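If you want the building blocks of each chain, they are given just below.
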Amino acid sequence: VGSRVESRIFDPRLFSTRVSADAGVFSERSKPFNQTFGTDTRGIDLVFSREWKKRIKSWLGFYYEVRENFVGDSQVEEDETFDPRGILMVKPSISYDSRDNFMNPKKGIFMLFGIDISRGVVNSLDDFYKYRCDLRGYTTPINRLTLAARGSFGKIEPYGSEGNIPPDQL
């Protein structure tokens, strides 16, 4: 359960090159199901992207966000994760997309691999690497019947002195 508001500006050909730039500000409030806390997040980002070939695209994003947890419906013991935390992130990603249609694919595959490198500004709670991989496949053996399959993988690894990942980052 949550809400998000954001404002973005986009330049499809940054300085007349093949690189696109996208910058924005955002604010989000989320209260995950089956959790004793919620999270308020505010931040800014700058993302560069480039299409290398017809089907291959890469992104490089830079993010700064402030996260603050709040107590949900039940009583919970507050710890250092409830203090406001500043976080810097770098997010490189690459994708391969051979789908015939973005909105209603009938055939093709989509693959995405990305790494989030996160660093806490004040403490080391948010020092981690987050890996993610997504694979989707589509085929239409007969007219009006499209079969789709999806698989995804994610892993988060802490680095630095803390060694623990805050629950709001999982």
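If you're wondering where the values come from, they're calculated on a predicted model, not measured in any experiment.

**Student:** Quick question: what am I supposed to make of the overall build of the protein here?
**Tutor:** Broken down by element type, the protein carries zero helices and eight strands. Going from N to C terminus, the protein has its helices and strands arranged as β-β-β-β-β-β-β-β. Considering only C-alpha atoms, the protein reaches an extent of 55 × 40 × 30 Å along its principal axes. In the protein, buried positions account for 29% of the 170 residues. Partitioning the contacts of the protein with sequence separation of at least 6, the portion at a separation of at least 24 is 48%. Looking at charge distribution, the protein has the averaged site of its 25 positive side-chain charges lying 14 Å from that of its 24 negative ones.

**Student:** Just checking my understanding: could you explain the sheet that holds strand β2 (residues 19-30) for this structure?
**Tutor:** Adjacent strands of a sheet pair through backbone hydrogen bonds, lying either parallel or antiparallel. Read across the open sheet, the eight strands follow the order β1-β2-β3-β4-β5-β6-β7-β8; overall the sheet is antiparallel. Strands at the two margins of the open sheet, each flanked by one partner only, are β1 (2-11) and β8 (145-158). Neighbour-to-neighbour, the strand axes of the sheet open up by a mean angle of 15°, direction not taken into account.

**Student:** Please clarify how the pairing of strand β3 (residues 37-51) should be interpreted in this entry.
**Tutor:** The two faces of the sheet receive side chains in turn, since in a regular strand these alternate between them. Bridging between β2 and β3 involves twelve bridges; their strand directions are antiparallel. Across the sheet, Ser30 pairs through a bridge with Thr39, a residue of β3. The turn joining β2 and β3, which pair antiparallel and follow one another in sequence, is formed by six residues; a positive phi near 60° is taken by Asn34. Taken together, the 15 bridges between β3 and strand β4 (residues 56-71) define a ladder with antiparallel strand orientation.

**Student:** Even after reading the chapter, I still don't get the environment of Tyr64, so can you show me in this structure?
**Tutor:** Here Tyr64 is to be found in strand β4. Taking the relative accessible area as the measure of exposure, Tyr64 reaches 33% and is therefore partly exposed. Considering only alpha carbons, one finds Tyr64 and Arg50, 14 residues apart in sequence, at a separation of 22 Å. Tyr64 has contacts with Arg42, Gly43, Ile44, Gly86, Ile87, Leu88 and Val121, leaving out every residue within four places of it along the chain.

**Student:** I tried to follow the side chain of Ser58 on my own but got confused; where do I start?
**Tutor:** With respect to the element layout, Ser58 can be found in strand β4. By relative accessible area, Ser58 is classed as buried at 17%. Looking at Ser58, its side chain comes within polar contact range of the side chain of Trp52, at 2.6 Å. Setting aside its immediate chain neighbours within four residues, Ser58 contacts Phe48, Ser49, Arg50, Trp52, Ser93 and Ile94.

**Student:** Explanation requested: the pattern of salt bridges in the structure shown.
**Tutor:** Pairing between side chains of opposite charge can happen when the charged atoms of each approach one another. All told, the structure shown has 17 salt bridges when counted by the stated rule. Salt-bridge contacts for Asp116 lead to Lys91; the nearest nitrogen and oxygen are separated by 4.0 Å. With a gap of 25 residues between them, Asp116 in strand β6 (residues 108-120) and Lys91 in strand β5 (residues 85-97) connect regions that are remote in the sequence. Among the residues examined, Asp116 registers a relative accessible area of 7% and is labelled buried.

Cut-offs and rules
Residues numbered from 1 in each chain as written. Predicted model: local features only at pLDDT ≥ 70, side-chain atom pairs only at ≥ 80, totals over all residues. Heavy atoms only, no water. Helix = DSSP H or I, 4+ residues; strand = E, 2+ residues; numbered from the N terminus. Buried < 20%, exposed > 50% of the residue type's maximum accessible area, 1.4 Å probe, protein only. Contact = heavy atoms within 4.5 Å. Lys, Arg positive; Asp, Glu negative; His and termini not counted. Charge placed at Lys NZ, Arg CZ, Asp CG, Glu CD. Pairing = 2+ DSSP bridges. Axes fitted to C-alpha atoms, helices over the stretch in contact; angles between N-to-C directions. Polar contact = N/O pair within 3.5 Å; in protein donor to acceptor, adjacent residues only side chain to side chain. Salt bridge = Lys/Arg side-chain N within 4 Å of Asp/Glu carboxyl O.

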